[in-house]
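# Tertiary structure, described
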Amino acid sequence: MQIASVSYAPPPSVRQLPWNVLSTGIRCKDRPGTPTRVPDLSVLADLLPFQVEIGCGTSVEAGIPPLHRLHEIYRVTDRQGHELREHCFTLSPTADTLLHEVLTEPEEKTAEFVEMFRACFLAEPTPAMWALKELMDAGHLVGPVITNNFDVLAARAGLDEYFMRRYDQAVPDVEWVDGAKALLVVGLHADRRKVQARARARGMQVVYLDPEGFWRDDQFMPYPLEGPQDGDLVCRATAAEALPALVNLLKQQAG
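In this report, the structure presented in the accompanying data block is examined. Quick caveat, the model's predicted, so the values are computed rather than measured.

What counts and how
- Residues numbered from 1 in each chain as written.
- Predicted model: local features only at pLDDT ≥ 70, side-chain atom pairs only at ≥ 80, totals over all residues.
- Heavy atoms only, no water.
- Helix = DSSP H or I, 4+ residues; strand = E, 2+ residues; numbered from the N terminus.
- Buried < 20%, exposed > 50% of the residue type's maximum accessible area, 1.4 Å probe, protein only.
- Contact = heavy atoms within 4.5 Å.
- Areas by Shrake-Rupley, 256 points an atom, 1.4 Å probe, with all protein chains shown as cover.
- Pairing = 2+ DSSP bridges.
- Axes fitted to C-alpha atoms, helices over the stretch in contact; angles between N-to-C directions.
- Parallel < 35°, antiparallel > 145°, perpendicular 65-115°, else oblique.
- Left-handed = near helix turned anticlockwise from the far one by under 90°.
- Nonpolar A, V, L, I, M, F, W, Y, C, P; charged D, E, K, R; others polar.
- Salt bridge = Lys/Arg side-chain N within 4 Å of Asp/Glu carboxyl O.
- Phe/Tyr/Trp six-rings, centres within 6.5 Å; stacked < 30°, edge-to-face > 60°.

What follows covers the overall build of the chain. Counting secondary structure elements, the chain contains 10 helices and nine strands. A total of 255 residues make up the chain; the buried ones form 38% of that total. Long-range contacts, defined here as pairs at least 24 residues apart, represent 70% of the contacts in the chain between residues at least 6 apart. Element-wise, carbon and sulfur atoms account for 57% of the exposed surface of the chain, whose accessible area totals about 14,600 Å².

A few words now on the sheet that holds strand β1 (residues 36–38). The strand order across the open sheet formed by seven strands is β1-β9-β6-β5-β2-β3-β4, and the pairing between neighbours is parallel. Edge positions in the sheet fall to β1 and β4 (161–163), since each has one partner strand and no second. Going across the sheet, the axis of each strand differs from the next one's by a mean of 25 degrees, ignoring polarity. Note: strand β5 (residues 182–186) against strand β6 (residues 205–209), five bridges, orientation parallel. Note on β6: the bridge partner recorded for valine 186 is leucine 209.

What follows covers the packing of helix α7 (residues 127–137) against helix α10 (residues 239–254). Packed helix pairs are specified by the crossing angle of their axes together with the interaxial distance, meaning the distance between the axes. Taken N-terminus to C-terminus, the directions of α7 and α10 make an angle of 30 degrees; their axes are 8 Å apart at the nearest point. Between α7 and α10, the interaxial angle falls into the category roughly parallel. At the point where α7 passes α10, the crossing takes the left-handed sense. Where α7 abuts α10, its residues Pro127, Ala128, Ala131, Leu132, Glu134 and Leu135 lie against Ala239, Ala240, Leu243, Pro244, Leu246, Val247, Leu250 and Lys251. Split into classes, the residues belonging to the contact of α7 with α10 amount to 12 nonpolar, no polar and two charged.

In the structure shown here, the tally under the stated rule is 13 salt bridges. Note that lysine 251 is salt-bridged to glutamate 134, the shortest N-O span being 2.8 Å. Within this pair, whereas lysine 251 is found in helix α10, its partner glutamate 134 is found in helix α7, the two being separated by 117 residues in sequence. Look at lysine 251 and you get partly exposed, because its relative accessible area is 48%. A residue is classified by how much of its surface remains accessible, and glutamate 134, at 37% relative accessible area, is partly exposed. When salt bridges that share partners are traced, they join Arg69, Glu72, Arg75, Glu101, Lys109, Glu112 and Glu115 into one network.

Under the definition given, this model contains two aromatic pairs. Relative to phenylalanine 113, the ring of tyrosine 74 lies with its centre 4.9 Å away and its plane at 20 degrees, an arrangement referred to as stacked. Of this pair, tyrosine 74 sits in the loop between α4 (67–73) and α5 (98–104) while phenylalanine 113 is found in helix α6 (residues 106–122), placing the two residues 39 residues apart along the sequence. Classification of tyrosine 74 as partly exposed rests on a relative accessible area of 31%.

What follows is the structure, given as structure tokens:
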């Protein structure tokens, strides 16, 4: 599908940008290292100030479906199997049922199309987002919130956002803050691991906050992180639990 503006034709170099990004290919699974498990985020008290990168974990806490739901709606992935990792990408035209569903079930499909966006509009900033705002106001968190989300929840909590999920650049530049000692990665399973690699190259401590699983039908489904490497720290807790606790800890230490 091509969308064009009246009386304007973007130059070929601009039209080519999304295809240049897509040509980098579908992501390959990373090979995790051996990170150190920590019980909470108290380690950040010795790594101030820090920067933060967030994934869909904070959005799921706000009631927004994870990105794989959007993939299912648009049939980017199939629905074979019950585990997330079994949902393969739809690459064959004969396996793509999207057009057939639009033509034969238009009302049902239209409702699905707006599902994700309705959830984004109705969602409110979570305790985790307000905790990040408190950390920013106190000077413990610096720089914009590096985000892979499109729900602007962080912005609604009063935080600056820097979007990584763009389609004109494979990996956009990141606004690093001189003196930042750590990168806190919250609820991020996507293929945007180059941000963490850049942080390590800068000598920053990478700390992951992720329960490494999710609840479905009253059952906890393991969903291990792929990104952590040797020397990284992993806290298996939710953002709603760990970030407010960090705020309280730093307040106590400040007296």
